[in-house]
Structure formats: C-alpha cells, structure tokens
Amino acid sequence: MTSRLYYTDAYAKAFDGRITEVSADGQRVYLDRTAFYPTSGGQPYDLGSLGGAQVADVVDEDERIAHVLAAPLSGHEIGDAVRGEIDWRRRFDHMQQHTGQHLLSAVFATLFGYETASVHFGVDRSSLDLDVGAIDAAQLGEAERRANAIVWENRPVNVSFEDAATATGLRKAPPREGTLRIVTIADLDRSACGGTHVRATGEIGAITLRGTERIRKQMRVEFLCGARVVRQARADFEALSAIALSVKASLAEAPALVAAQSAELRDTMAARKRLEGELAVHQARALYEMTAPTPAGVRVAVLRRDGGSLEDIRPLAQAFASLPKTVFVAAVLSSATVLVAAADDAGVDAGRLLKPVLTTAGGRGGGSPRLAQGTVPNADALEGVVHIIRDGIA
Ligand SMILES: [Zn+2]
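Residues numbered from 1 in each chain as written. Predicted model: local features only at pLDDT ≥ 70, side-chain atom pairs only at ≥ 80, totals over all residues.

Describing the overall build of the protein
Here's step 1: Each helix and strand counted, the protein has seven helices and 20 strands in total.
Here's step 2: For the protein, whose C-alpha radius of gyration is 35 Å, the value lies well above the compact-globule estimate of 21 Å for 394 residues.
Here's step 3: Each principal axis of the C-alpha distribution contributes one length, and for the protein these read about 100 × 55 × 40 Å.
Here's step 4: When the 394 residues of the protein are sorted by exposure, 31% land in the buried category.
Here's step 5: Considering only contacts in the protein between residues 6 or more positions apart, those separated by 24 or more positions represent 55%. (Helix = DSSP H or I, 4+ residues; strand = E, 2+ residues; numbered from the N terminus. Rg over C-alpha atoms; globule rule 2.2 N^0.38 Å. Buried ≥ 20, exposed ≤ 12 C-beta atoms within 10 Å, placed from the backbone. Contact = placed C-beta atoms within 7 Å.)

Take a look at the structure:
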C-alpha cells in the first residue's frame, strides 16, 4: 500500500520514501509513500526524479503506485530511503488546469444548468464535454467572465474526507460508497475528486475559453488556464502580427482588411478564369486557321511547353476541340505529361488512342473519348508519344 502524499499536500515538491519493491529490471519501483501523481481521473502523471533516476511514467495500481523509471535504479535496496523530486512546472500546470476545470464546470452548471459529462486534460489544451446540444458565443463569453471573476476573488479551495452517505451539496452524485475525497471551491462547488488542485482560485491565474466542437449530442468546450493562457496570448499575438504585417495594417484593422482582400481575390480569380476562357476561344480560332487539315479533313494541333502544367493548357485544348473535326495534343516537357482533346466528329477516341501509347512508353494515364491525359518517365519518351499520336491520326 502506497501512502499518497498529494492527497493531503498537493504542494509537496520533494519527499523521502522507503523502497518496498523493485521489479527485476530495476525500472519499476514501489515506495511506502509518494508525492508522484499517477495518471488518474483524466489528470496526467507527474514527471521528475527518484533516487537520481528520471521518472518516465507513474501508474495507479489501486493499492500501490508504480514509478516507472527511464533507467534502472542503482545503488538502492529494498528498505532504503530514496529522494523523490517532482517536476513542479508540469505538476503546477496540471493543478491550474484541473482546478480551473472544476470551476468552469460549476459555472456552466450554475449559469445555464449545463452538466459536465466528461473532461480531458491534454498536453497543450484541455476540454470539457457539456451535456447540451448547442452553446452560443454569448454564453461562452458570459461563462468566461464569471469564471475569471471567481478566480480573482481568490476563493479558498479545500480538501476534506467525508462519508459518501452523509456528504451533501456535491455537484455530481457520489461515485461510490465509503470515504470520499471532496474538493470544495468556497461558495461554488463540491466535487469528489482524487486529483491535485491549487489552494485558492487566484492561483489558476486566468481562464480562457477557446473553440467548441459538437461531439454527438454534447458540446466540447476547449479551455486554457494559468500559464497556458499567457503562452497562447503570445502565440496569438505573433500570428496576428505576422498577418497584419503582410497586409501592412494595424492589428485592429487586419481582420477586416484580410476579409476584404480575400473577397477581392475571389472576384479577381473568377474574372481571370472568365478572361482566360475568352482568350482561349480566340487563340483556338487562330490556331484552327493556321492548321492544315489531314487528307481526312482533321486538323491536328500540337503544342509543346517547357514548363507550367496541363491545367494551364486545358482551356485552349477544350476551345480547340470544340471546333469541327479537330484534335489537340499538348505536351509539357518539364513534367513529361501529355494531353489529347478530340472533337466529337474527329473520328478519334482520345482515351483509347492515348492509353496504349502511354503504356508502351512506360507511362500511365487515360481518359474519356473527348479528353485524356497521362505521364511518361521522361521528356524523350514524351516526344515519342507525341509523334505516335500525331502519326496515328488520319
Ligand atoms: Zn479535481
């Protein structure tokens, strides 16, 4: 049985425990008492050191707590005292998030009657799932303001041990019978919990609500507490500053300006696409006039480009192939890609014509009777493909 020091003193950063058992590989150590918090109730385990060895994981085995070390514990035997030191930055961060979660859950319950169905504490962000189908921005704002007001009132957070049968005023029904560890935020919340918490709400520092996500019939609300709020504010500031700099605006003006520029860009792109289409029609007509027909009366235009993509050529290809008895062959040398477009009345099935030629050249591709495209291993092979196709059209 391991005595859990964090139950009564969440602020114990270092402690001395006696070794009761060590696994054969020396990396799983049990003590008579520990301040290391094991993963439990959603709160992640503590890191730190034990007898100079790094603690990699802490596991709750009901009666006992296992300290999993990164390397075997050396120079210690069963019965020896060993020094444990908690990574306090990590632990205090967990205490801020965890106490903040109790406070937030109580605020959502008291303001709106929304119960917390489950909680999740992540490395970067935490969340709680509210038993409600929707929550709006005004409610989030109100909950955030209320939660921070309670933080700044610096209300005491106390731990007591009470019998489940007689404990009153719990936010949720007791999870089991017998003695419960109850965490009380003065005049706000009483919850049965085995985690570590700060001693007064002021130590949470601040609480911000971030995004929401609908998960089945519940709303997941992401939140940050304490130092994470400051880190996120710094990251947000830097991101917004980069955006503002790119549009040469102040931080306050940047969002509206970016939205306006995005709308303008969409309009410009649409206009460009329309003009490209019109240009392609003119170019196709000129190309048609320049191209001599085969004995069968089919006009085959071949276009070679060093770079760019087939997508750029596609409007011209389609415009040309919309003219009577035409076939358009385009090759992009840099990407070794080829496109064939054929008019309805050209007597050519673009897909059937191209596919076997590509296969023979070690490439792949295909398409419909009107439009086909593909790739080959290199520019030389591409040139061969173009010739075969060109010569194959009567
Ligand atoms: Zn708790």
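There is more to say, and it comes next.
Comments concerning the domain arrangement of the protein
Here's step 1: Taken domain by domain, the protein holds domain 1 (3-86), domain 2 (92-242) and domain 3 (274-392).
Here's step 2: Taking the mean C-alpha position of each, domain 1 and domain 3 sit 71 Å from one another. (Domains from an automatic or database assignment.)

Details of the environment of arginine 146
Here's step 1: Its place among the elements puts arginine 146 in helix H2 (residues 137-152).
Here's step 2: For arginine 146, a count of 18 C-beta atoms within 10 Å translates into the label partly exposed.
Here's step 3: Through-space distance from the C-alpha of arginine 146 to that of valine 338 is 64 Å; in sequence the pair is 192 residues apart.
Here's step 4: Setting aside residues no more than four positions away along its own chain, arginine 146 makes contact with Val107 and Leu111.

Details of unusual backbone geometry
Here's step 1: Unlike most non-glycine residues, aspartate 187 shows phi in positive territory, near 55°.
Here's step 2: Along the polypeptide, aspartate 187 turns up in the loop between strand E12 (179-185) and strand E13 (189-192).
Here's step 3: Residue class for aspartate 187 comes out exposed when judged on the 9 C-beta atoms lying within 10 Å of it.
Here's step 4: Even without a glycine there, the phi angle at lysine 325 is positive, about 50°.

Some points on the sheet that holds strand E14 (residues 207-215)
Here's step 1: The sheet built from four strands is open, its strands ordered E9-E10-E15-E14 with antiparallel pairing. At either margin of the open sheet sits one strand with a lone partner, and together these are strand E9 (116-121) and E14. Sheet twist, expressed as the average angle between the axes of neighbouring strands with direction ignored, equals 20°.
Here's step 2: As paired strands, E9 and strand E10 (residues 126-130) are joined by five bridges and run antiparallel to one another. Each bridged residue has a counterpart across the sheet, and for phenylalanine 121 the counterpart in E10 is serine 126. (Pairing = 2+ DSSP bridges. Axes fitted to C-alpha atoms, helices over the stretch in contact; angles between N-to-C directions.)

Brief notes about the sheet that holds E13
Here's step 1: Across the sheet, three strands lie side by side as E11-E12-E13; this open sheet has antiparallel pairing. Two strands lie at the open edges of the sheet, namely strand E11 (157-163) and E13, each paired on one side alone. The average angle at which neighbouring strand axes cross in this sheet is 30°, direction not considered.
Here's step 2: Sheet topology note: the E11/E12 ladder contains seven bridges and is antiparallel. Within E12, the residue paired with phenylalanine 161 across the bridge is arginine 181.

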